[in-house]
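This is what each chain is made of:
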Amino acid sequence: MTNPHDPYGQQQPSGQFQQPYGLQPYQPPQQFYVQQTYVRPPDQGMAVASLVCSLLGLIMCFPAILGIIFGHIALGKAKRGEAGGQGMAQAGMVVGYVITALWLIPVILWFVFVVFAVGAAGVS
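Here the residue numbering is sequential within each chain, running from 1 through the sequence in written order. Given that this is a predicted model, residues contribute local features only at a pLDDT of at least 70 and side-chain atom pairs are listed and counted only at 80 or more, while totals for whole chains, interfaces and linings are drawn from all residues. Where side-chain values are given, they derive from all heavy atoms of the structure, hydrogens and water being excluded.

For the chain, the name recorded in an unreviewed UniProt entry is Fatty acid desaturase, with Amycolatopsis umgeniensis as its organism.

Colleague: Explain the UniProt feature "transmembrane region" (unreviewed entry) in the chain to me, please; I cannot follow it from the model alone.
Modeller: UniProt positions are given in the numbering used here, feature names are shortened, and annotations may be inferred rather than shown by experiment. UniProt's feature table lists "transmembrane region" (unreviewed entry) at residues 47-73 and 94-121, given in the numbering used throughout. Across residues 47-73, helical content stands at 81% and strand content at 0%; the span's end C-alpha atoms are separated by 8 Å. Regarding residues 94-121, the helix share stands at 100% and the strand share at 0%, and the terminal C-alpha atoms are separated by 41 Å. Numbering of helices and strands runs from the N terminus; a helix is a DSSP stretch of H or I covering at least four residues, while a strand is a stretch of E covering at least two.

Colleague: What is the right way to look at the pattern of salt bridges in this model?
Modeller: Pairing between side chains of opposite charge can happen when the charged atoms of each approach one another. In the sections that follow, a salt bridge refers to a side-chain nitrogen of Lys or Arg positioned within 4 Å of a carboxyl oxygen of Asp or Glu. The full count for this structure, using the stated rule, is one salt bridge. The closest approach of N and O atoms between Arg-80 and Glu-82, which form a salt bridge, is 3.1 Å. Relative accessibility under 20% of the residue-type maximum defines a buried residue, over 50% an exposed one, and the middle range a partly exposed one, all with a 1.4 Å probe and only protein chains included. Overall, Arg-80 belongs to the exposed group, its relative accessible area being 55%.

Colleague: Looking at this structure, how should I read the confidence of the model for the chain?
Modeller: A low pLDDT score tells you not to read the predicted coordinates there in detail. As a per-residue measure, pLDDT reflects the predictor's confidence and takes values from 0 up to 100. Residues with a pLDDT of 70 or more make up 77% of the chain, whose mean pLDDT is 82. Element-level pLDDT for the chain is lowest in helix H3 (residues 86-123), with a mean of 91, against a maximum mean of 94 in helix H1 (residues 45-56).

Colleague: Looking at this structure, how should I read H1?
Modeller: Because each turn of an α-helix spans 3.6 residues, side chains separated by three or four positions end up pointing in the same direction. What a helix should span is 1.5 Å times the count of its residues minus one. Its 12 residues place the ends of H1 16 Å apart at the C-alpha level, agreeing with the 16 Å of an ideal helix rising 1.5 Å per residue. Within H1, the full set of buried residues consists of Ala-47, Ser-50, Cys-53 and Ser-54. Relative to the axis of H1, the buried residues are bounded by an arc of 135 degrees and lie together on one face. Of all possible arcs, the one meant is that of the directions from the helix axis to the C-beta atoms.

Structure, rendered in structure tokens:
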């Protein structure tokens, strides 16, 4: 018995079906999933140092000045995209300026008091 789908009249073994010449079996298209990830710049140690030094300025004045310096450096790097922590750098700078001002007010008042005391002592 010949197969009506076999144009050349060849016999197929029973139980097997061969695709007609030129046709390929259906294969669904392959889909490739690419996961896009956002690479965030790492938080910057200078921004952390700025905030920590500024807060240590509550105890003594000198670390607050370092906090201001570290904050300016960290903010510059964050704006250039080299590192993260822009908000922390700004917070460190603001806290550093406020604490430095709070330390300078008594120093300036003491200096003014000494100058007036020395001036008043020299007049008599």
